[in-house]
Structure formats: C-alpha cells, structure tokens
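# Examining the three-dimensional arrangement
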Amino acid sequence: MKAVEIKNGIYWVGAIDWAVRDFHGYTTPRGTTYNNYLIMDDEITLLDTVKYDFSDIAIKNLQSIVDPAKIKNIVINHIENDHVTSLDAIMALAPNATIYITEKGRKGLDRFYDLSKWTIRTVKTGDTLKIGKRTLLFLETPMLHWPDSMMTYIPEEKMLISQDGFGQHIASAVRFDDEFVDCQSMSELEDAVIDYYANILMPFGQLIKAKLSEVQKLGLDIEVIAPDHGIIWRKDPKKILQMYLDMANGKTRLRVSIIYDTMWASTEKMSTPMMQGIKDEGVECKVIKLRATPMSVAIKEFWNSRGCLIGTPTLNNIMFPTVAEFLTHLRGLRPKNRMAGAFGSYGWGGGAVKEAYEELNKMGLELYEPGLQILYKPSLEDEAKCYDFGREFARKVKIYHEKF
Ligand code: FEO
C-alpha cells in the first residue's frame, strides 16, 4: 500500500502484514500493520521504523514522498524488534539523521546496533524538538509496555504518536477508525483493542491510569492518536482513551467464561450444565476449550468476563498440561478484579482442582470455593451439582460485579 497523507504534510509510510498469524506467540487472525510516520517540515522527521522484513516496502513508501538522505531526525519511540529492525536500512539512506530516543531506549538499541556510527540524542518527558512549523514533545511511558517506551506529541497538529499504546493487530486497506467502521464494524475494532490490551497491557493498568492522568494534567489537546499498529484514531480519539481508562479501572462485562480442557470428555460434560446454570442466573457465558483455542484468544475471553471457571481433569495427580500452561500465562499478566473458581474430573486420585486454586490464589483473584470434583464420569446427579455450582458462581459474580 502506498503512503497515505494523514494530516497536511504528515504521512503514514508503514507496511501492512496481511499474513502474520503468530506474532511472537500471540495469535493474530487479522494480521497487523507496522506504522511509521513522516513529517515534512523544515527538518524532515521520521517517527519509528518497521519490522526488518518489511523495510523495503516502508522505504519505498518513504521514497515516494522524499529522498531519505534529506531526513534530519528519526524518533524511536520503542525498541521492540517490530519497530527498530529496519533502522539500519533507513540509516544507510539517511546517514546524517539524528536519532531521538529515551536513555533506556539507547541502552537497548546498543544491543541491536553499533551506535558509534550514528548521532544519538536522548530525551525525557517534557523535552521538545522544534522541527519548523511544528514541535515534537516527548513523553516517556516506561513499562507501557517496555522500559524504553515513549510517545511523541505534536501540539500544532493535536496529534499523539503513541507507539504500541492504543494499537490493534489489524491488517486493513484503510488507515482510519471512521473508514474501518464504514467497511467493517466498530465492534470488530473494539474487539481488536481488547485483544491487544488483554494480551499485552493487562499487567500495566495502574501505570496506564497514572499516565492518562498525567496527560490530562498536561492539558494535551488530542485530536488524532496514531499508534504503531493498526488503525489511526481521528474520528473519536476520546473513545479509545475512555476504553483504556475503563479497562485500567477494572471494567469488564458481566459474563462468565468457562475455560477448560478435558481427557475423556468428563470435565467437558461438567461444563454444559454449568453453562446452563450461569445462563439461567441471567449471566452471559462463554465456553472455551483450551486445546481448540489459541492461547491469546483464551486470555482475551478471560479478560472480557467478570468471572472465570477453570476446568481441569487430574493427570498424574496434577493439572492437565494445557490448563497449567494457560494459568501460568495468565499469572504473568497479573490479572485483577476478576472472580475465579475451578472444577474437574478425576480417576484414582484428585489433585488438579486443588492445584488450580493454588494458582488462582497466587494471582490474588477473588476465589469462589470450594471447587467441584467428579469421580470418573458425571452422573445425572453430578450434572445437577454442576448446574448448581455454575448458577451459584454466577450469582456471586453478579454481586462482585456491582463493585465496579
Ligand atoms: Fe509493537 Fe512492543 O512492539
């Protein structure tokens, strides 16, 4: 896709990755984009670069607007591989450019490249760079989501270049939120935002709240938010800011996700009456079998629900491996403000449900105890217990949900 002018003299010169389905372990069914931005001003400035295998495409887009040798400044907002691994290709064409980056970014970049050959200036929150008619204001955003991360605000354009923040993994022929909603839907865009937040930003809710409050105190007027992945927010940037604030504050749907795996279908059979009990209590329910679901989708469904029931058979006295994997992954994301319980079948001896609770407890989630265990195969009487377990869990989740 060719360069797109997103404001007078400011161009998207990135690349679209239609085919990526595994983004360092996250499932990306919609693909993604690597966005970078060119500002044509007295000092021609490039903000961010793209993943190395898309450097030719991005450079071609850049060259359609300007000879890269004329670039005076390159801002690196984030040093993760998908944003800096074509920097050497760009610098080969723009050897006189000065790179602007945070101190932590510089230290990290030093592991990728020999920096002695380039001019580097480190910046911190509040530093500015006048590039002609426009000014760049740098805002460090450490741990959102890497230590090096920062954003760049252009006051004259009321535009925030937000690196990974407010991004989504969406490959699309359109660049803006209003265009995307016209050709697809707002709910799909929201789903992509939630997917991205749940899998990447879930651990950083408190930092997000603090940073949003800092932006508010600085009085930044934001009309356009241009992330480094996906769709640019120009129609309603307040919507994405509010979505982030809501998620950081623990808001989610009154819903229960049943996330389970099964050996000989006994744990699976427990989930059906449980789902019925949840539904009869008036709570929405989503049932996810881990062996049939990508990890990042299961994480998103967890995040999208106030309550979660973990189902695991006992195998060799411990949890089923896919369930253990899911809970380990979830623990790393430091979930908050969710209620959780566990259930499962066992044969000779139990152990998995107890272990699942130990994991859920380590995460500091609101526990619903005791769990429910069934020997071998649920009888009709056991199915009635599963129904009651699901219904009572949903009732507790409804009460818990009122806190938020
Ligand atoms: Fe898109 Fe943190 O990289």
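Each remark here, short or long, concerns the structure printed above.
Residues numbered from 1 in each chain as written. Predicted model: local features only at pLDDT ≥ 70, side-chain atom pairs only at ≥ 80, totals over all residues. Heavy atoms only, no water.

It is worth spelling out the overall build of the chain at this point. What the chain contains, in helices and strands, is 13 helices and 24 strands. Taken over the C-alpha atoms alone, the chain extends approximately 75 × 40 × 35 Å along its principal axes. In the chain, which comprises 404 residues, the proportion classed as buried is 57%. A fraction of 72% describes how many contacts in the chain between residues 6 or more apart in sequence connect residues 24 or more apart. Carbon and sulfur atoms form 51% of the exposed surface of the chain, whose accessible area is close to 17000 Å². (Helix = DSSP H or I, 4+ residues; strand = E, 2+ residues; numbered from the N terminus. Buried < 20%, exposed > 50% of the residue type's maximum accessible area, 1.4 Å probe, protein only. Contact = heavy atoms within 4.5 Å. Areas by Shrake-Rupley, 256 points an atom, 1.4 Å probe, with all protein chains shown as cover.)

A few words now on helix α12 (residues 352–362). By the burial criterion, the buried members of α12 are A352, V353, A356, Y357, E359 and L360. Down the axis of α12, the buried set is contained in an arc of 160°. They therefore lie on one face. α12 presents K354 and K362 as exposed residues on the side facing more than 90 degrees away from its buried surface. Following α12 by one or two positions, G364 has its phi on the positive side, about 75°. (Arc of directions from axis to C-beta.)

Among the nonpolar cores identified, the biggest contains 61 residues, and F166, Y244, I310, F326 and L327 are the most heavily contacted of them. Broken down by element, the residue count for this core peaks at nine residues, all from helix α6 (residues 186–201). Taken domain by domain, this core gets at least three of its residues from each of domain 1 (4–248) and domain 2 (257–399). When neighbours within four sequence positions are excluded, Y244 is seen to be in contact with G165, F166, G167, V193, Y196, Y197, L201, I208 and L212. Core analysis: the second largest hydrophobic core is formed by 26 residues, I59, L62, V84 and Y113 among them. (Core = buried A, V, L, I, M, F, W, Y, C linked by side-chain atoms within 4.5 Å. Domains from an automatic or database assignment.)

Within the element layout of this structure, S266 appears in helix α9 (residues 266–280). From its side chain, S266 meets the backbone oxygen of Y376 in a polar contact 2.5 Å long. For S266, the residues in contact, after removing those within four places along its chain, are S345, Y376, K377 and P378. (Polar contact = N/O pair within 3.5 Å; in protein donor to acceptor, adjacent residues only side chain to side chain.)

It is possible for side chains of opposite charge to pair when their charged atoms get near one another. Scanning the entire structure with this criterion turns up 28 salt bridges. Note that R30 is salt-bridged to D191, the shortest N-O span being 2.7 Å. Placement of the pair is R30 in the loop between β5 (26–27) and β6 (32–34) and D191 in helix α6, with a sequence separation of 161 residues. By relative accessible area, D191 is classed as partly exposed at 22%. In this structure, the salt-bridge partner of K385 is D382, at a minimum N-O distance of 3.9 Å. Taken together, the residues K385 and D382, both in helix α13 (residues 380–401) and three residues apart, mark about one turn of the helix. Judged by its relative accessible area of 42%, K385 is partly exposed. What emerges from the salt-bridge pattern is a single network uniting K7, D41, R134 and E157. (Salt bridge = Lys/Arg side-chain N within 4 Å of Asp/Glu carboxyl O.)

Quick look at a nonpolar patch on the surface now. A grouping of W348, L375 and Y376 is seen on the molecular surface, where their side chains present a nonpolar patch of about 450 Å² in accessible area. Using a relative accessible area of 81% as the deciding quantity, one classes W348 as exposed. (Patch = residues over 30% accessible without salt bridge, like charges linked within 9 Å, V, L, I, M, F, W, Y side chains within 5 Å.)

A few words now on unusual backbone geometry. Following L144, the chain continues to H145 via a peptide bond in cis, the omega torsion being 5°. Structurally, H145 is set in the loop between β13 (135–140) and β14 (150–154). With an omega dihedral of -5°, the bond running from E369 to P370 counts as a cis peptide bond. Secondary-structure assignment places P370 in the loop between β23 (366–367) and β24 (372–375). Even without being glycine, F166 reaches a positive phi, approximately 65°. For F166, the location among the structural elements is in the loop between β15 (159–161) and α5 (177–183).

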